[in-house]
Amino acid sequence: MRGPERWWRGKSTPAKVETYTRWSYHSFLVVEVATVGLAVFGKTGIQLAGWLFVTVCAHALLGTVTVARALDWTRGRRPQPLRLMWALGVVTALIAVGTLLLADRSAGDTDADTAAGGLFGTVVIFGVGIIALGIRGRWRVLMLVAGFTAGAALVPLLLGAPGDAALATAVAVLAGSGFLAFASVFSVWLLNAVYALGDARETRARLAVAEERLRFGRDLHDVMGRNLAVIALKSELAVQLARRGRPEAVEQMIEVQRIAHESQREVRDVVRGYRESDLSVELAGARGVLTAAGIDCEVSGSIEGLPVAVQSALGWVVREATTNVLRHGDAGRCEVSVRMREGRVVLTVENNGARTASGSGGSGLAGLRERLAAVDGTLEAGPVREGVFRLVAEVPVTTAVVSGVAS
């Protein structure tokens with residue numbers, strides 16, 4: 001049982017919706033065989049029942065293949081299965097006409113009429129619903145339903161059935177096939193919408209990374225652009241003065257050296273600011289991003305008095321944990337807490353997104369362990385119970401203070 005559970009939890013939300021949709025339609029076809037195909041054995045002769053059962057099984061098998069190909073086309077993995085859809089439509093129509101002929105020939109046999117009617121309605125309704133999975137455009141779906149409804153009315157009339165019976169058959173087909181066709185259209189729309197939301201979540205995470213890189217690039221350009229221009233001008237001036245034997249060339253080169261050292265210091269400040277993170281800002285950002293993604297996020301604890309080195313290290317932990325929840329999890333709730341315990345600050349990030357359980361050895365967590373190691377901190381990550389993933393970072397405050405002062 002644990003294997004299927006892990007397989008299911010390992011899927012993203014869009015993949016779960018797709019799997020649910022696929023197996024829902026496959027279950028319809030199982031119902032078709034179980035309730036209609038097997039029921040004919042008790043209502044008709046064994047030979048005729050055998051042929052009817054084989055016919056229902058063939059229709060269900062063709063429907064199963066059509067469902068798989070149509071949903072693959074919906075996701076852009078295959079071309080539209082037009083031949084399969086036409087084949088299913090033709091087979092559905094032939095079976096429907098055949099069952100009406102059977103009912104006409106067995107007039108007076110109540111059991112045979114019941115079996116034929118059940119087979120007719122089930123095959124037409126399921127056939128129309130499955131074909132609708134591979135059709136785009138509501139008018140085309142309406143034409144599909146209208147076509148089979150009209151056929152359900154005309155064929156009985158041509159076989160001599162009373163008008164009220166033909167009308168009742170048409171209404172039943174319209175109601176059943178219309179409902180299942182609508183369900184198919186809605187299922188495809190929902191599946192595409194869920195995948196679009198998943199893509200939007202990935203895009204938001206990538207944009208956040210890109211924005212941070214752009215910010216760093218702008219800061220670095222502002223620092224280096226001006227100083228490099230000054231260095232180039234003063235170097236050119238020093239060259240001209242040196243060619244003329246002027247002593248001012250030495251002063252210009254000294255100034256170039258000073259600007260170069262200042263640029264080096266400013267670059268280090270920019271990189272340090274890029275590498276360091278403010279814990280309060282990261283906590284607020286995590287809550288905002290997760291809430292925007294539909295995840296209930298609760299932040300508790302106080303960070304007052306924590307050294308800068310500790311806040312920087314733990315800020316990176318919050319940033320990486322938030323990214324993991326967004327990208328790899330299927331969480332509906334996330335709790336972040338900061339606590340002091342026996343001279344150590346403990347940051348805990350816990351969420352109910354089961355897919356993050358596979359991230360205990362990822363490169364992101366390895367990078368966090370390196371950052372925490374610089375302040376003698378530790379990191380533990382893994383599932384704590386079914387469907388719950390917890391990340392715990394601990395840093396000794398006293399050591400972090402000494403390290404921060406030494407640096």
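The coordinates are above.
None of the values given here were measured: they were computed from a predicted structure. Residue indices begin from 1 for each chain and proceed along its sequence in written order. Residues qualify for local features only when their pLDDT is at least 70, as the model is predicted, and side-chain atom pairs are given and counted only at 80 or more; totals for whole chains, interfaces and linings, by contrast, use all residues. By convention in this description, side-chain values take in all heavy atoms of the structure and omit both hydrogens and water.

### Side note on the sheet that holds strand β4 (residues 378-385)
- With mixed pairing, the 5 strands of this open sheet are ordered in space as β1-β2-β3-β5-β4. On the outer flanks of this sheet lie β1 (296-301) and β4, each paired with one strand and no other. Neighbour-to-neighbour, the strand axes of this sheet turn through a mean angle of 15°, independent of strand direction.
- Strand pairing is assigned whenever DSSP detects at least two bridges linking the two strands. Strands are runs of DSSP state E lasting at least 2 residues, helices are runs of H or I lasting at least 4, and numbering of each runs from the N terminus. Bridging between strand β3 (residues 344-351) and strand β5 (residues 388-396) involves 8 bridges; their strand directions are antiparallel. From the neighbouring strand, V349 faces β5, where its bridge partner is L391. Here, axes are lines fitted to C-alpha atoms. For helices the fit covers the stretch in contact, and angles between N-to-C directions go from 0 to 180 degrees.

### Quick notes on the nonpolar core
- F120, V124, V128, L133 and L144 are the most contacted members of the largest nonpolar core, which totals 39 residues.
- Going through the elements one at a time, α2 (13-37), α3 (46-74), α4 (82-105), α5 (110-133), α6 (138-158) and α7 (163-243) are the ones with two or more residues in this core.
- Here the element with the most residues in this core is α5; it accounts for 9 residues.
- Non-local contacts of L133, meaning those with residues more than four positions away in its chain, are made with Y25, V67, A70, L71, W73, T74, S184 and V188.
- To form a nonpolar core, buried Ala, Val, Leu, Ile, Met, Phe, Trp, Tyr and Cys residues must be joined to one another through side-chain atoms within 4.5 Å. Accessibility here uses a 1.4 Å probe with only protein chains present; expressed as a share of the type maximum, an area under 20% marks a residue as buried, one over 50% as exposed, and anything in between as partly exposed. Core analysis: the next-biggest nonpolar cluster, separate from the first, contains 35 residues, A313, L391, A393 and V397 among them. Throughout, a residue-residue contact means that at least one pair of heavy atoms, one from each residue, lies within 4.5 Å.

### A word on a nonpolar patch on the surface
- On the surface, L82, W86, V90 and L94 cluster together into a nonpolar patch covering about 460 Å² of accessible area.
- Inspection of the secondary structure assignment puts L94 in helix α4.
- In this structure L94 comes out as exposed when scored by relative accessible area, which is 58%. Put simply, a patch holds well-exposed residues, over 30% relative accessible area, that have no salt bridge, with like charges counted together within 9 Å and Val, Leu, Ile, Met, Phe, Trp or Tyr side chains within 5 Å. To measure how exposed things are, a 1.4 Å probe is used in the Shrake-Rupley method; for residues, cover is taken only from the protein chains shown. The salt bridge definition used is simple: a Lys or Arg side-chain nitrogen within 4 Å of an Asp or Glu carboxyl oxygen.

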